[in-house]
Amino acid sequence: MKMPSLLGPFVRCRFSATFLVLWLAFAGFTCTAGSEHTATATLPAAFSDLLPHFLVEPEDEYIVKNKPVTLTCRSTPATQIYFKCNGEWVHQDDHLIERTVDPATALPVMQVTIDITRQQVEKIFGLDEYWCQCVAWSTTGTQKSQKAYIRIAYLRKNFEEEPQGKEVALDQEVLLRCHPPEGVPQAEVEWQRNEDVIDPASDPNFFITTDHNLVIKNARLADTGNYTCVAKNIVARRKSTSATVLVYVNGGWSTWTTWSSCSAVCGRGWQKRSRSCTNPTPLNGGTSCEGQNVQKSACVATCPVDGGWSEWSKWSACGADCSMWRTRECTQPSPGTGGKECQGLDLQSLNCTSEQCPQTVSGAEDVALYVGMVAVALCLTLLLIVVVLVYRRKKEGLDADVADSSILTTGFQPMGIKPSKPGVWAPRPRRPPPHSKNSHLLTIQPDLTTTTTSYQGTLRSRHDAPGKFSMTNGPLLDPLPNGSHTLHNGKLNSDPAEFVSRLSTQTYFKTLPRDVANTSYGTFNFLGGRLTIPSTGISLLIPPEAIPRGKIYEIYLTVQRKEDLRLPLAGCQTLLSPVVSCGPPGVVLSRPVILSMDHCFDACLDNWAVRLKKQNYEGVWEDILLMGEELVSEPYYCQLEAETCRLFSEQLGTFALVGESLHMGAAKRLRLVLFSDAYCSTLEYNIRVYCMDDTQDVFKEVMQMERQLGGRLIDEPHVLLFKDSYHNLRLSIHDMPQAHWRSKLLAGYQEIPFYHIWNGSQRYLHCTFTLERLSLSTCELTCQLCVWQVEGEGQSFSLDFNIAKDTRAVDSEFLLMDSNATALAGPSAFQIPYLIRQKICSSLDAPCPNGADWRMLAQRLKLERHMSFFASKASPTSVILDLWEAQHFHSGNINQLATVMADIGKQEAMIFLVSDGEC
């Protein structure tokens, strides 16, 4: 770039500042160095005594991101122009010079521009503001321009103060505060209502103050909405959280109506008038009108006077038509004040005979009339006799048919289920009338085509462990051609696959998964029982007397695969439990059953809004319960524990827990599980990290899958609290011996997006770390594997194992640890024997003055939160024992319950020590 000669001598010849000023008078002087030569512009003699003045001076600029800014300086007349930034001269090579001549004045015009980068400004960051100015020379002297400040533009993310939602009355003034984020240049602020920009010029009801607050002068109904403060400058645009303004209207009375008529027809009564709370009508939570909407006032009604007849007049003379007549009038008294008119005739006539009406003798015409009347009477009598005979014959035929049909249907008479002796089940009762929607699933008709025998099965006490009566998985009964069901010589088909296949053909059950491993079913009567899906934490307790006496139900329990059943989740909702089905739906229950299933949230209802959802017959999911706000009058009630939910339900169906976090402190429990290859014959070695909901059913599914893959569990599972902070989950591996191992992962970590984990639609997610050993002889692996949520909690696995020696596949002990029977019927399904249970209930159900009743039992078992629910039941003690059974079936100690009974002061505690034979 060609530069004027002024700075060249100044820089290269190192003249002093004083000499430089003297030297400026000599326009033709130059200083050369080597081959470089710079020429100085010479002004015409006519303008040699003019000082330069600026046509364009540099102005303040902002650097946006990494884009440099350009400063411009234009002066006339000028021989030299240079920029000085923060007291230092800008190198001549950084100047871009343009020379022109002003056509109006013939003066030379010089324009110089320079570029300023972000790096130049950041060098003095924190010391002072970066500024530049230009200096122009002429033969007469110098002039300096104004300083131009160059700043780096930015806008921070967080507002210093955000608007807060308010509920205001109609016509009230509203103030919404907003302090925008710090920024350079200072951010401009605008307000939006429901995403539409508010313009105070077009709507004078709005006013924006100098400190960016929004004022609504008189709140209107139309002003209800979500208000957002928007800050923007040349760098970015930020939005605050929305503040909801709700304009409510307090109710006002209308004018009174006119008084009604007096309620009494005669004497004292009352009359009323009314008004309505419609002037205005309360809206958006406004208060209702205070006072009475009806006023009553005493009144006296004039009694009505009913009309009365006067005396009859005398009979008139017999007329030519052989009749005479008399009259009366309604004048004693006359009707008045709404009284009734006189009832009856006011004119009477009577046949008479006199000289004026000669008597006549009956002739042939009268005889013919009488004969005709007799003939008609005879015909009607004969017709009546025929009708009676026909009716009697039909009645006799109907009675015969009924007698015959009773003989044919003798085998279909209802039969009780009461056992003739302990340990024997009587035949099942016949099916109820066909109008019942699901009657074919509930009761059973005897098969007339085969011999029906009793179903033999022992009903032993819980203490007789080796001889437990375990209901094997039995199918719903096969439909006969005539629509009835049969019990094949007292034996139930126990093929699970056939049961699931037939169940899925029913209209309602077509969506059920055909997963035999995760389905349990059995046949139960009034003694109750239990269904369990092993290793899932899912069970269904059917208490005694839950099934009405005389009924036998075949009930199933299954866990749905989330990929098989789409559960609609709105907004920030997340699935917190497995989707569990029990049925058949529509069965009649006398008392609630208890469905137990795991959940995966922190069980703090202050952080969550947890809803229980149920799928109806049309397949639509409905909210049936809000956790923490259960109503004892509803057919559903929940007992929430640290890791388990116990659902009391009077109806069977498909259930799931869905939660919505109330703030960022809400957390889901994730179970972190590590697997590796059981056998490794290559240099590559894989470690799989599963991140799943902390429920047993998901863990079981992953273990089964890894067993098929030939994997092995290489460390104990860890639990991680995953918070609703919108931050992703990161996984990384560290501290591997570099001399023997290396990671094939290109990045420093792997990441699982927040929403993939939070919505719960995928049962488990996993990342694979592929490691490579440098030699096949390397078998020892030590490393640190870390899993953490960004800006949140984390877990670390310290791994140290031999990949060659430990060649065990996935340990099958987990899959067998819950080896109890999947279906137990009768006393074998309960810790407390049936007779003892009845005695406890009769002892504690009755209120006791000193409190030694079911209420103390609930307190000792730490169930006092559900007192109102227990109290709403016919037998509170029975419901408490049901819950105890559901909680302690595998781990419960019946002697501990006996101790609680003894503490209450009930002698019935000794009943627990009674032997099975005595029970």
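Everything numeric here is computed off the predicted structure, so don't read it as measured data.

Scoring rules and cut-offs
Per chain, the residues get numbers from 1 upward, laid out in the order the sequence is written. Only residues with pLDDT of at least 70 get local features here, since the model is predicted, and only at 80 or more are side-chain atom pairs given and counted; chain-wide, interface and lining totals rely on the full set of residues. Side-chain figures throughout are based on the complete set of non-hydrogen atoms in the structure, without hydrogens or water. For every residue, the accessible area obtained with a 1.4 Å probe (protein chains only) is divided by the maximum for its type, and the residue is called buried under 20%, exposed over 50%, and partly exposed between those limits. Secondary structure counts use DSSP, requiring at least four H or I residues in a row for a helix and at least two E residues in a row for a strand, with both numbered from the N terminus. What makes two residues a contact is simply this: any of their non-hydrogen atoms within 4.5 Å. When DSSP finds two or more bridges between a pair of strands, those strands are recorded as paired. Here an angle of 0 to 180 degrees is reported between the N-to-C directions of two axes, which are lines fitted to C-alpha atoms, with helices fitted over the stretch in contact. The disulfide definition used here is simple: a pair of cysteine sulfur atoms within 2.5 Å. Take a side-chain nitrogen of Lys or Arg and a carboxyl oxygen of Asp or Glu: if they are within 4 Å of each other, that pair is a salt bridge. Whenever a nitrogen or oxygen atom comes within 3.5 Å of another N or O atom, the pair is scored as a polar contact, on the condition that within protein one atom can donate a hydrogen and the other can accept it, and that pairs from neighbouring residues in sequence are kept only if both atoms are in side chains. The length a helix should cover is 1.5 Å for every residue beyond the first. The criterion for an aromatic pair is that two Phe, Tyr or Trp rings (for Trp, the six-membered ring) have centres within 6.5 Å, with stacked assigned to planes under 30 degrees apart, edge-to-face to planes over 60 apart and tilted to the rest. Only when the NZ of Lys or the CZ of Arg is both within 6 Å of the ring centre and within 35 degrees of the ring normal is a charge said to sit over the ring.

Draft legend 1. Representation of helix 9 (residues 834–844) within the structure. Along helix 9, the residues classified as buried are Tyr834, Ile836, Arg837, Ile840, Cys841, Ser843 and Leu844. Check the buried side of helix 9 and you find it contacts helix 10 (854–860), helix 12 (876–888) and helix 13 (894–904).

Draft legend 2. Looking closely at the pairing of strand 10 (residues 148–152). Burial along strand 10 is one-sided: the residues Ala148, Ile150 and Ile152 are buried and none of Tyr149 and Arg151 is. Here strand 2 (residues 61–63) runs beside strand 10; their pairing, made up of 3 bridges, is parallel. Directly across from Glu61, in strand 10, lies its bridge partner Ile150. Bridge count for strand 8 (residues 130–137) against strand 10 is 3 bridges, and the pairing is antiparallel. Along strand 10, the bridge assignment pairs Trp131 with Tyr149.

Draft legend 3. Summary view of the sheet that holds strand 48 (residues 780–789). Taking strand neighbours across the sheet as the criterion, the 4 strands line up as 46-44-48-49 in an open arrangement whose pairing is antiparallel. Either end of the sheet is taken by a strand with one partner, and the two such strands are strand 46 (750–752) and strand 49 (794–802). Neighbouring strand axes in the sheet, compared pairwise and without regard to direction, differ in orientation by 20° on average. Here strand 44 (residues 729–734) pairs with strand 46 via 3 bridges, running antiparallel. Of the residues in strand 46, the one forming a bridge with Leu731 is Gln750.

Draft legend 4. Focus on the side chain of His866. Relative to the helices and strands, His866 resides in the loop between helix 10 and helix 11 (867–871). On the basis of relative accessible area, His866 is assigned to the buried category, the value being 3%.

Draft legend 5. Region of interest: the state of the cysteines. Applying the stated criterion to the full structure yields 7 disulfides. Disulfide pairing is shown between Cys85 and Cys132; the S-S distance is 2.0 Å. Looking along the S-S bond of the Cys85-Cys132 disulfide, the torsion reads about 110°, which is the right-handed sense. In this pair, Cys85 is assigned in strand 4 (residues 80–85) and Cys132 in strand 8, connecting sequence segments 47 residues apart. As far as burial versus exposure is concerned, Cys85 and Cys132 are alike and both buried. Sulfur-sulfur distance for the disulfide between Cys330 and Cys342 comes to 1.8 Å. Its S-S torsion of approximately 75° makes the covalent link between Cys330 and Cys342 right-handed.

Draft legend 6. Broad picture of the sheet that holds strand 3 (residues 69–76). Strand order across the open sheet formed by 4 strands is 1-3-7-6, with antiparallel pairing between neighbours. The open sheet has two free edges, formed respectively by strand 1 (53–56) and strand 6 (96–101), since each of these has just one partner strand. In this sheet, adjacent strand axes meet at a mean angle of 25° when their direction is disregarded. Judged from the 7 bridges that link them, strand 3 and strand 7 (residues 108–116) form a sheet pairing that is antiparallel. What sits directly across from Arg74, in strand 7, is Gln111.

Draft legend 7. Quick peek at the pattern of salt bridges. One pass over the full model with this rule turns up 27 salt bridges. Here Arg742 makes a salt bridge to Glu772, at a shortest N to O gap of 2.8 Å. With Arg742 in strand 45 (residues 741–743) and Glu772 in strand 47 (residues 764–773), this pair connects stretches of sequence that are 30 residues apart. In this structure Arg742 comes out as partly exposed when scored by relative accessible area, which is 45%. Salt bridges sharing partners connect three or more residues here, namely Arg193, Asp203, Arg220 and Asp223.

Draft legend 8. Representation of the environment of Leu170. Examined against the element boundaries, Leu170 turns out to sit in the loop between strand 12 (166–169) and strand 13 (174–176). Ignoring any residue separated from it by four or fewer positions in sequence, one finds Leu170 in contact with Ala219, Arg220, Leu221, Val247, Tyr248 and Val249.

Draft legend 9. Structural view of the pairing of strand 38 (residues 644–649). In terms of residue burial, strand 38 counts as a mostly covered element, since 6 of its 6 residues are buried. The two faces of strand 38 match: Thr644, Arg646 and Phe648 on one face and Cys645, Leu647 and Ser649 on the other face are all buried. Examined bridge by bridge, strand 34 (residues 593–598) and strand 38 share 6 bridges and lie antiparallel to one another. Across the sheet, the residue bridging to Val593 is Ser649, located in strand 38. Where strand 37 (residues 636–640) meets strand 38, 5 bridges bridge the pair, whose relative direction is antiparallel. In the strand pairing of strand 38, Leu640 is matched with Cys645.

Draft legend 10. Spotlight on unusual backbone geometry. Of note, the bond from Asn279 into Pro280 is cis; its omega dihedral lies within 30 degrees of zero at 0°. With respect to the secondary-structure elements, Pro280 resides in the loop between strand 22 (267–274) and strand 23 (294–301). In the segment running from Gln332 into Pro333, the intervening peptide bond is cis, with an omega of -5°. Among the secondary structure elements, Pro333 is positioned in the loop between strand 24 (323–327) and strand 25 (347–351). Non-glycine residue Asp171 carries a positive phi angle of around 70°. Tracing the chain through its elements places Asp171 in the loop between strand 12 and strand 13. At Glu545, a position not held by glycine, the phi torsion is positive, near 70°.

Draft legend 11. Highlighting the side chain of Thr574. Positionally, Thr574 belongs in strand 32 (residues 573–575). Thr574 gets classed as buried once you look at its relative accessible area, which sits at 0%. Among the polar contacts made by the side chain of Thr574, one reaches the side chain of Lys668 at a distance of 3.0 Å. Not counting chain neighbours up to four residues away, the residues in contact with Thr574 comprise Leu569, Trp608, Leu657, Val658, Gly659, Lys668, Trp758, Asn759 and Gly760.

Draft legend 12. Broad picture of helix 12. The end-to-end C-alpha separation of helix 12 is 19 Å, in line with the 18 Å expected for 13 residues at 1.5 Å each. Taking burial as the measure, the 13 residues of helix 12 include 11 buried ones, the bulk of the element.

Draft legend 13. Seen up close, the packing of aromatic side chains. Going through the model one piece at a time under the given rule, you end up with 15 aromatic pairs. Seen in terms of ring centroids, Trp608 and Trp758 are 5.6 Å apart; in terms of plane orientation they differ by 15°. Their pairing is stacked. Of this pair, Trp608 sits in strand 35 (residues 608–615) while Trp758 sits in helix 7 (residues 754–758), and the two are 150 residues apart along the sequence. Both rings, one in Phe754 and one in Tyr755, keep their centres 5.1 Å apart while their planes meet at 80°; by these two values the pair is edge-to-face. Residue Tyr755 is classed as exposed on the basis of its relative accessible area of 52%. Among the aromatic residues, ring-to-ring pairing joins Phe601, Trp608, Phe722, Phe754, Tyr755 and Trp758 into one connected group. One residue, Lys147, lies across the ring of Trp131, its end atom 4.0 Å from the ring centre. Note that Arg671 overlies the ring of Phe699, its terminal NZ or CZ placed 4.7 Å from the centroid.

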